[in-house]
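Below are the chains, spelled out letter by letter.
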Amino acid sequence: MGKGQTLKAVDGVSFEIKKGETFGIVGESGCGKSTAGRTIIGLYDKTDGEVIYDGKNVHKMNEKERFVFHRKMQMIFQDPYASLNPRSTNPRSTVQEIISEPMEVQGLYPNKKERRERVYQLLEDVGLNRDHANRYPHEFSGGQRQRIGIARALSLDPDFIIADEPISALDVSVQAQVVNLLKGLQKKKGLTYLFIAHDLSMVKHISDRIGVMYLGHLVELTTSDDLYSKPLHPYTQALLSAIPIPDPDVEDMRERIILKGELPSPMNPPSGCVFRTRCPHAMDACATIKPEWQEIEKNHFVACHLYNQEVIGRKDDKLAAASKENGY
Ligand code: SF4
């Protein structure tokens, strides 16, 4: 990005995803969550670090290993229209061809009739029917198109699916249907998901554990329940305060945390804590010391000086004070 400048879209992010779970990543646009997902699957090359899948380093696989790996890990994209057919005014591929293509590339179901039956089955698995196979993407609604994208991702019978903002382009009424479909398929096929989104309420619905990202950094990671019941990082607290609660009495009592300022440029991130320019609790130490990644409670990690005894004294007092101040 220009002479001598480096943009670190993802920096120092480290987490593991357990087989069979749904791991959610949330954060504002530009926080690096999609870059993390695309680097995991190998669409982007990494400049440092490792991505280990089933004991193998994804970025060091030879061609043959990578070929097999792509059968195991698949992706669902944000914009179902663009990902199915980039030339909307000149449709080139039918749904049958779109879903068949990965199988043809991988040499699965070489018999044409079998492959067609497989496409029918996949369409039924995602709530469509066999009559849809001969149609073109532009003939479907957004929700139906995302179902086709899911069917394509499932065509190779993967173990792991990266869903990159799979519901962001859909109407609210359709979002829950697609999330429920993904949950059902996970149960039925034993899938593992990395679910990337900026909508915390939907991520909670599907995720077992959630990582919160800000400006390329992971700032908090814990179980879905803990993240919602006791968020520790000021950024997580602000994100959660923006979710309306369907109880007028509780909603009236809550105070929304409005973050001041714009998201800083990742070309020139703030020193110390990257969140300090917008953090309501920022202190002098935040400008000079990068917060450590600490496990505050079992399976609850956070990067914030408010919970570092060496930086700020007793963590329990500060934790309680910050939580109380933010209405949690
Ligand atoms: Fe806020 Fe400081 Fe914690 Fe960063 S380290 S989130 S600036 S209190």
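As for the site of the ligand
(1) Moving on: In the vicinity of the ligand lie 13 residues, with Cys273, Cys279, Cys286, Cys304 and His305 positioned nearest.
(2) Moving on: Grouping the constituent residues of the shell around the ligand by class yields nine nonpolar, three polar and one charged.

Structural notes on the sheet that holds strand 6 (residues 192-197)
(1) Moving on: The sheet built from eight strands is open, its strands ordered 4-5-6-1-7-8-10-9 with mixed pairing. Either end of the sheet is taken by a strand with one partner, and the two such strands are strand 4 (73-76) and strand 9 (293-297). Each neighbouring strand pair of the sheet contributes to a mean axis angle of 20 degrees, computed without reference to strand direction.
(2) Moving on: The pairing of strand 1 (residues 22-26) with strand 7 (residues 209-214) spans four bridges and is classified as parallel. Directly across from glycine 24, in strand 7, lies its bridge partner isoleucine 210.
(3) Moving on: Sheet contacts for helix 2 (residues 63-72): strand 4 and strand 5 (160-164); angle to strand 4, the most-contacted strand, approximately 50 degrees.
(4) Moving on: Against the sheet, helix 6 (residues 142-154) touches strand 4 and strand 5, its axis set at about 170 degrees to strand 4.

Some details on the domain arrangement of the protein chain
(1) Moving on: According to the domain assignment, the protein chain contains domain 1 (16-207) and domain 2 (231-328).
(2) Moving on: Taken residue by residue, the interface counts five residues in domain 1 and six residues in domain 2.
(3) Moving on: A buried area of about 530 Å², summed over both sides, lies between domain 1 and domain 2, and 66% of it is on carbon and sulfur atoms.
(4) Moving on: In terms of surface lost to domain 2, no three residues of domain 1 exceed Glu28, Leu200 and Ser201, which account for 73% of the buried area on that side.
(5) Moving on: Applying the counting rule to domain 1 against domain 2 returns one salt bridge.

Quick look at the environment of isoleucine 40
(1) Moving on: With respect to the helices and strands, isoleucine 40 occurs in helix 1 (residues 33-41).
(2) Moving on: Isoleucine 40 gets classed as buried once you look at its relative accessible area, which sits at 14%.
(3) Moving on: The spacing of isoleucine 40 and leucine 194 is 154 residues in sequence and 9.9 Å in space, taken between C-alpha atoms.
(4) Moving on: Apart from residues no more than four positions distant in its own chain, isoleucine 40 is found in contact with Phe15, Val51, Val58, Phe69, Met73, Ile162 and Leu194.

Cut-offs used in this document
Residues numbered from 1 in each chain as written. Predicted model: local features only at pLDDT ≥ 70, side-chain atom pairs only at ≥ 80, totals over all residues. Heavy atoms only, no water. Near = heavy atom within 4 Å. Nonpolar A, V, L, I, M, F, W, Y, C, P; charged D, E, K, R; others polar. Pairing = 2+ DSSP bridges. Helix = DSSP H or I, 4+ residues; strand = E, 2+ residues; numbered from the N terminus. Axes fitted to C-alpha atoms, helices over the stretch in contact; angles between N-to-C directions. Contact = heavy atoms within 4.5 Å. Domains from an automatic or database assignment. Buried area = accessible area lost by both parts, 1.4 Å probe. Salt bridge = Lys/Arg side-chain N within 4 Å of Asp/Glu carboxyl O. Buried < 20%, exposed > 50% of the residue type's maximum accessible area, 1.4 Å probe, protein only.

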